[in-house]
Amino acid sequence: MSRFHLIAPSGYCINQQAAALGVQRLALQGHQVDNRDVITRRDQRFAGDDRERLNDLNALVALEGADIIVLPVRGGYGASRLLEMIDWPGLVRRQQSQPLLICGHSDFTAVQMGLLACGGVITFSGPMLAGNFGAPTLNDFTERHFWQALRQPELVVEWNGEGPRCHTQGTLWGGNLAMLVSLIGTPWLPAIEGGILVVEDINEHPFRVERMLLQLMHCGILARQKALVLGSFTSADPNEYDAGYNLNTMVEYLRKRLSIPVITGLAFGHEQETVTLPLGAHAILEHDKRTRLTLSGHPVLGA
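Residues numbered from 1 in each chain as written. Predicted model: local features only at pLDDT ≥ 70, side-chain atom pairs only at ≥ 80, totals over all residues. Heavy atoms only, no water.

Peer 1: Would you explain helix α1 (residues 16-28) in this entry?
Peer 2: Count 3.6 residues to each turn of an α-helix, and residues three or four apart come out pointing the same way. In this model, α1 (13 residues) spans 18 Å end to end at C-alpha, consistent with the 18 Å of a helix rising 1.5 Å per residue. Buried within α1 we find Ala-18, Ala-19, Gly-22, Val-23, Arg-25 and Leu-26. One face of α1 carries all of its buried residues, which in axial projection span an arc of 160°. Turned more than 90 degrees away from the buried face of α1 sit Gln-17 and Leu-28, all of them exposed. For α1, the secondary structure elements touched by its buried residues are β1 (3-7), β2 (32-34) and α5 (129-133). Trailing α1 by a residue or two, Gly-30 shows a phi angle of about 100°, which is positive. (Helix = DSSP H or I, 4+ residues; strand = E, 2+ residues; numbered from the N terminus. Expected span 1.5 Å × (residues − 1). Buried < 20%, exposed > 50% of the residue type's maximum accessible area, 1.4 Å probe, protein only. Arc of directions from axis to C-beta. Contact = heavy atoms within 4.5 Å.)

Peer 1: Which parts of the structure should I look at to understand the UniProt feature "domain: LD-carboxypeptidase C-terminal" (unreviewed entry) in the protein chain?
Peer 2: Per the UniProt annotation, the sites labelled "domain: LD-carboxypeptidase C-terminal" (unreviewed entry) are residues 169-284. Measuring from the first to the last C-alpha atom of residues 169-284 gives 4 Å, for a span that is 26% helix and 27% strand. (UniProt positions renumbered as here; feature names shortened; annotations may be inferred.)

Peer 1: Any chance you could explain helix α4 (residues 109-119) here in plain terms?
Peer 2: Of all eleven residues making up α4, eight are buried, and the element is well covered by its neighbours. Of all the positions in α4, only Thr-109, Ala-110, Val-111, Gln-112, Met-113, Gly-114, Leu-115 and Leu-116 are classed as buried. The positive-phi residue at the C-terminal boundary of α4 is Gly-120, with phi of around 65°.

Peer 1: Even after reading the chapter, I still don't get the nonpolar core, so can you show me in this structure?
Peer 2: Side chains that are nonpolar tend, in soluble globular proteins, to be buried together. With 98 residues, the main nonpolar core has Leu-213, Leu-228 and Leu-277 as its most contacted residues. Looking at this core element by element, the count peaks at six residues for helix α8 (residues 206-218). (Core = buried A, V, L, I, M, F, W, Y, C linked by side-chain atoms within 4.5 Å.)

This is how it looks when you write it as structure tokens:
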């Protein structure tokens, strides 16, 4: 069984019942769940004041033990406030000596990209406590892919993707699209050359998704990648004004503008069904009739 250490660097967990259910589920499976006090902590819309939320992250430097899974309670907003105060050198040293298995998504992407930019630290983009482990029904697909990612030194993810035939490799990176775009021009966006960029988002209309991807294109980031993989874009429904403009037409437009393959269909993001991906790992992307992503070089339990 594993040890989970909870952190809450972003928004207050409005759904306290979900967080409690997530803790209960993990405990019933035999896992140890530490630092539960962060679940109820609140300051305005945040999970505590900036000092408290910053301490969640900086305290990881001195967290004792091996094979610890660090799990945010939820996303929301708040990590951006902390970026210039995070002890990046300390966290990098900790990960080099005794890696924590850090998993999260959404607003937490800012911290994950900062770790990758400042020291090549690999983290996992995957489920969090309240939204996933505390869902009314724990998704079998999500749970299975979570443990596979944290246990298998070579991880294979397959899906029925759409896009041009391709076979390429590079560093896997990305996460929440809005958070990535918010880091452009800062020290916390990794300068990945020849990478495989995977992105997802929630509550962003297709034109907003397009605009953010065009920003990545205009500043030269997409041209430096080997491929772009699109995950889930939850609650991105078009309206009557769009007159047929939707995510599919947006993707086709991007394919005409980009010189790299754009592969779609990956269950990755804010949906209940999501894979867990090691950001910063080495990736081999193959797409023909199906899509296969082979990942290696990430920390695993019991290594």
